Amino acid sequence: MPDTSALSIPTSPIATLGTVALLVAFVVAAYATAAGIIGHSRHRPALVRSSVHSLYGFFALMALASALLIYAFVTHDYTIKYVAHYSDTSMPVWYKITAYWGGLDGSLMFWVFVLAAFASIAVKTNRRRHADMIGYVVATVMVVELFFLALLIYDKNPFATFLTDPPVDGKGLAPLLQNYWMVIHPPSLYTGFVAATIPFAFGIAALASGRLDDRWIASVRVWMLISWFFLSLGLILGGRWAYEELGWGGYWAWDPVENAGLIPWFTATAFLHSAMIQEQRGMMKSWNVGLVVLTFFFTIFGTFMTRSGIVQSVHAFGQDNQLALLFILFLIFVLVVSVGLLAYRFPQLQSAGSFDSFISREVAFLVNNWLLLACALFVLFATMFPTISEAVRNVRITVGAPFFNRLMVPLGLLLLILAGIAPLLAWRKTTVERLKAQFVFPVAFSLVTTALLAILIPATRARSPIFHESIQLPVTLCTFMLVAFVFGSVGQEFWRGTRVRMRQTGGDPFTSLIGLVVTKRRRYGGYIVHAAIAIMFCGFAGKVWGSQTDVTVTKVGEHFSVRGYEFIYHGLEITSDDHKTAVTANVTLLEDGDKIDDLVPAKWRYVKQPEEPTTEVSITARLSEDIYLVLTGFEPEKGVANFRVYINPLVDWVWIGFFVLMLGTAICLLPASLAGGFGRRRGRAPGTLIALLACGGLLFGSHTAFAQKEHATAAPVHDVGVSVAQYFRPNDPEFLAPFRAKAEAKVAAAHPDWKPDSAQFNAAVNAQLAPVVALAQKLMEEIVCLCGGCPHEAIATCKCGVAAQNRRDVLKLLGTFGLLDEATRGEAHDEVIAAFVKQAGGQHILAMPINEGFNRLAWAVPYAALAGALVLLYGVGRRWVRRGENQLAVAATEGAPTAEDEDYADRFDDELREID
């Protein structure tokens, strides 16, 4: 008989059991969907209970499948393709576990598992409170699960095995993913995405069952807050990962994958504000359901963007046209069902109340909602614009970070000022007297702060473009002014509330403050979140003082200085292990002669993936600024090393702000039973305990944020050797030589009595050259490196040889113009841009697309839509206000009691008295 042993297919008990678990889970999910729908539609409670129990069983099956996949990674079961592709024997165990979601297949299964866990918790806690709609909740969740399970079973099975002999060892996790932040960043963002399904399920269930009162909104609000928190956590951890991992000195680049998490964050934030209007006034019911649907839609759309290849990103999983088609069909299905149910139930979603005044908290929240929705739609439009332009004109036009920064800054500042205004306004109507009393301190505090900053820190007065290059404003100073306004507004609310609490309880200020926050946790937790956002804006504003300097050292012991800091180079150290080879530079950081830190930037080359060397950055974190050192190149034999030094002012306030945001969110989620217990107590112990725990957590978190300075991996390095990052910069002496000669001649002619080597003469020459250097820098920031390895960086920051070549070309082209003349500089700018666009064959080489033709019309769309929406809002708002006034007038003629103006204000005394 012929030998058939060579034809045997490798098998794995783990793979077999895991696949069976997925198949059984699919059957259970299908049954739960049918049982939930039929049980409610035919009034059969037994079927509804059966669907709930099926959900619990589904969770158990997905937990089993997840445990099996993790076990396969830990035990090196390389007969499973997914395990072989994303792990190897030398990886630390934590990275073997995180490899579970390191690839497309596993990330989809992780989505299914987390959703099953959340759905089980949500159904368990709400099955009695919402018994008349819980079957529809289960069915909605299970439809989503069926979609993802179908992808897993038929296209992306993580338990698929090799048909031939399996490899002896795996390929290993991508070097960029082997970072401690990746242990918590992806699951945090996934959790935020997945948690948005729960509010969607309750919203669809409410529409399907017709139970459209305000009771379901409380459950939805809690789960949307959970989703919002994890989205926030995922985004900030992603920023921290980018800050340490990509080696470019920044934390946000408007990458499509970053934007995929930001878009639903905007709509979730809008819902959390408008839900309060529904709870307080019975208004905006249809709007809130729409926001719930939109948030869920954007989470699926974001998953679609990052996993289908429709957008280009260093974070994306690659192109998959079949997967893209399946996601599009599911998104269409979600829209058809959601919009259909919303239209069917729309008559039952009419508002019970109406706006009584434009000067009210309701209107502030409504404007805030429109701005948040505008931000979401704009980011979506700009992210998808390269794909849209390619589909319409067959030309892929890239949209870089400068465009997002220029056009999102005004919207961000408007949202920031609303964060300060809203707490000062009363529900229904704010009287003129109260308006003055509420705004005096915040406005005065912001004006004094602005004046002091403008006088003491002149750099804050620097102007930068908004919307268009010709519109220049002191954005940094405006940001700090609005931050001060928010601090003044929030601080005033805490001060007044604490004084009332002290009068009522007889407690000391500290205990009264804690009791106030705990008993009115939603309000004051929200105020803390507003303050946290303002703190983060401080970090954003500090970007204007940042600097980037490239330095080459040629011998051990050489010193170099950057912005008042002194660096001493102590040489290179080469080490290796089974996992990687490392070249580490040892540098001492000093300030005013005193040692601050030992810096150890390095380059790593992984054994399994040598084609992707990574760069370890070393960061010294301070409250005022971070000193961020990157080893960009080296020659060990000669001891030569190239460094890039970033000075990043105020960046740690971004991380501190997030920890404050975590505290505010935790307070908002504090259970009512626990809060009620603390609210009824007198004395200091309970409040002091909570405060100590909160402060301890905040300090620990801040310390953790500051402590991350040792090791971080960077974007793929294209030149391992002496770096070219410092070559062909705007201040290149060879480039400036002819312009310097002309400038010296002009200055000498204008001031014949000045000596050529005098300080006055040199200052005048440098003033002539400054616009030339600024023009070269501006062009290098507008032109994107197309090397394919960097995360879509401008040639000003990219460290590769392609970027250096492009910088040389920029300087060469500029050298043909008389740049000392202002009019010629404008012409030179346009000519250089046109030359690069022609050479690249399209505008994808530009960070800011040329504003002409189709592009001009395309960029006008989101702003025209925003302007039209605001006009519509004003028109509809006037009708609502008139209707509210008429209702009050009718009530007065019928003898119904009417409230005086001051009764519309926020009544601290009455609210706290009701609680106590």
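Provided above is the structure to which this section pertains.
Residues numbered from 1 in each chain as written. Predicted model: local features only at pLDDT ≥ 70, side-chain atom pairs only at ≥ 80, totals over all residues. Heavy atoms only, no water.

Some words on the overall build of the protein chain
When helices and strands are tallied, the protein chain shows 27 helices and eleven strands. Looking at the 916 residues of the protein chain, the share that counts as buried comes to 55%. Counted over contacts in the protein chain with a minimum sequence separation of 6, partners at least 24 positions apart contribute 74%. (Helix = DSSP H or I, 4+ residues; strand = E, 2+ residues; numbered from the N terminus. Buried < 20%, exposed > 50% of the residue type's maximum accessible area, 1.4 Å probe, protein only. Contact = heavy atoms within 4.5 Å.)

Topic: the environment of Val 587
Following the sequence through the fold, Val 587 ends up in strand E6 (residues 580-591). On a C-alpha basis, the gap between Val 587 and Ile 568 in space is 5.4 Å, while along the polypeptide they are 19 residues apart. Residues contacting Val 587, with those up to four places away along its chain left out, are Phe 567, Ile 568, His 570, Asp 597, Asp 598, Leu 599, Leu 629 and Phe 643.

Re unusual backbone geometry
Among all residues except glycine, the phi angle is most often negative; among peptide bonds, the trans geometry is most common. One non-glycine residue, Asp 592, lies in the positive phi region at around 55°. Within the secondary structure, Asp 592 sits in the loop between E6 and strand E7 (594-599). By relative accessible area, Asp 592 is classed as exposed at 72%.

Focus: helix H23 (residues 759-782)
A rise of 1.5 Å per residue sets the reference length of H23, with its 24 residues, at 34 Å; its end C-alpha atoms lie 34 Å apart and thus fit the reference within 8%. Approximately 30° is the largest bend angle found in H23, and it occurs at Leu 769, with the proline Pro 771 only one to four residues beyond. Buried within H23 we find Phe 761, Val 765, Leu 769, Val 772, Leu 775, Ala 776, Leu 779, Met 780 and Glu 782. Contacts made by the buried residues of H23 are with helix H22 (733-750), helix H24 (801-814) and helix H25 (822-840). (Expected span 1.5 Å × (residues − 1). Bend = angle between axes of the 7 residues up to and from the residue.)

Some thoughts on a nonpolar patch on the surface
A cluster of nonpolar side chains, Leu 325, Ile 328, Leu 329, Ile 332 and Val 336, forms an exposed patch at the surface whose accessible area comes to about 460 Å². Mapping Val 336 onto the fold places it in helix H12 (residues 321-344). (Patch = residues over 30% accessible without salt bridge, like charges linked within 9 Å, V, L, I, M, F, W, Y side chains within 5 Å. Areas by Shrake-Rupley, 256 points an atom, 1.4 Å probe, with all protein chains shown as cover. Salt bridge = Lys/Arg side-chain N within 4 Å of Asp/Glu carboxyl O.)

Description of the pairing of strand E10 (residues 625-635)
Within E10, ten of the eleven residues are buried, leaving the element largely enclosed by the surrounding structure. Direction of pairing for strand E9 (residues 614-620) relative to E10: antiparallel, over a ladder of four bridges. Residue pairing for E10: Ser 618 is matched across the bridge by Leu 629. Where E9 hands over to E10, the hairpin turn is made up of four residues, counted between the paired strands. For E10 and strand E11 (residues 640-649), the ladder comprises ten bridges, and the chain directions are antiparallel. Note on E11: the bridge partner recorded for Val 630 is Arg 644. Once E10 ends, the chain turns through four residues before running back antiparallel as E11, passing Gly 639 with a positive phi of about 75°. (Pairing = 2+ DSSP bridges.)

Digging into the environment of Pro 386
Relative to the helices and strands, Pro 386 resides in helix H13 (residues 361-393). For Pro 386, a relative accessible area of 11% corresponds to the buried category. As for Pro 386 and Ile 397, which are separated by eleven residues in sequence, their C-alpha atoms are 4.8 Å apart.

Digging into the pairing of strand E8 (residues 602-606)
Of all five residues that make up E8, four are buried, and the element is covered over most of its length. Where E6 meets E8, five bridges bridge the pair, whose relative direction is antiparallel. Of the residues in E8, the one forming a bridge with Thr 584 is Ala 602. Here E8 pairs with E9 via three bridges, running antiparallel. Within E9, the residue paired with Lys 603 across the bridge is Thr 615.

Overview of the packing of helix H16 (residues 475-505) against helix H18 (residues 521-541)
Two elements in contact, H16 and H18, have axes whose closest approach is 9 Å; the angle formed by their N-to-C orientations is 160°. Regarding the angle of H16 to H18, the classification is roughly antiparallel. Taken as a pair, H16 and H18 cross one another with a handedness that is left-handed. Across the interface between the two elements, Thr 476, Thr 479, Phe 480, Val 483, Val 486, Phe 487, Val 490, Glu 493, Phe 494 and Gly 497 of H16 pack against Tyr 524, Tyr 527, Ile 528, His 530, Ala 531, Ala 534, Ile 535, Phe 537, Cys 538 and Ala 541 of H18. (Axes fitted to C-alpha atoms, helices over the stretch in contact; angles between N-to-C directions. Parallel < 35°, antiparallel > 145°, perpendicular 65-115°, else oblique. Left-handed = near helix turned anticlockwise from the far one by under 90°.)

Side note on the packing of aromatic side chains
Counting across every chain of the model gives 47 aromatic pairs. Consider the rings of Tyr 243 and Trp 655, whose centres lie 5.9 Å apart with planes at 55°: the pair is tilted. Placement of the pair is Tyr 243 in helix H9 (residues 216-245) and Trp 655 in helix H19 (residues 652-668), with a sequence separation of 412 residues. Over the ring of Trp 604 we find Lys 580, and its NZ or CZ is 4.4 Å from the ring centre. (Phe/Tyr/Trp six-rings, centres within 6.5 Å; stacked < 30°, edge-to-face > 60°. Lys NZ or Arg CZ within 6 Å of the ring centre and 35° of its normal.)

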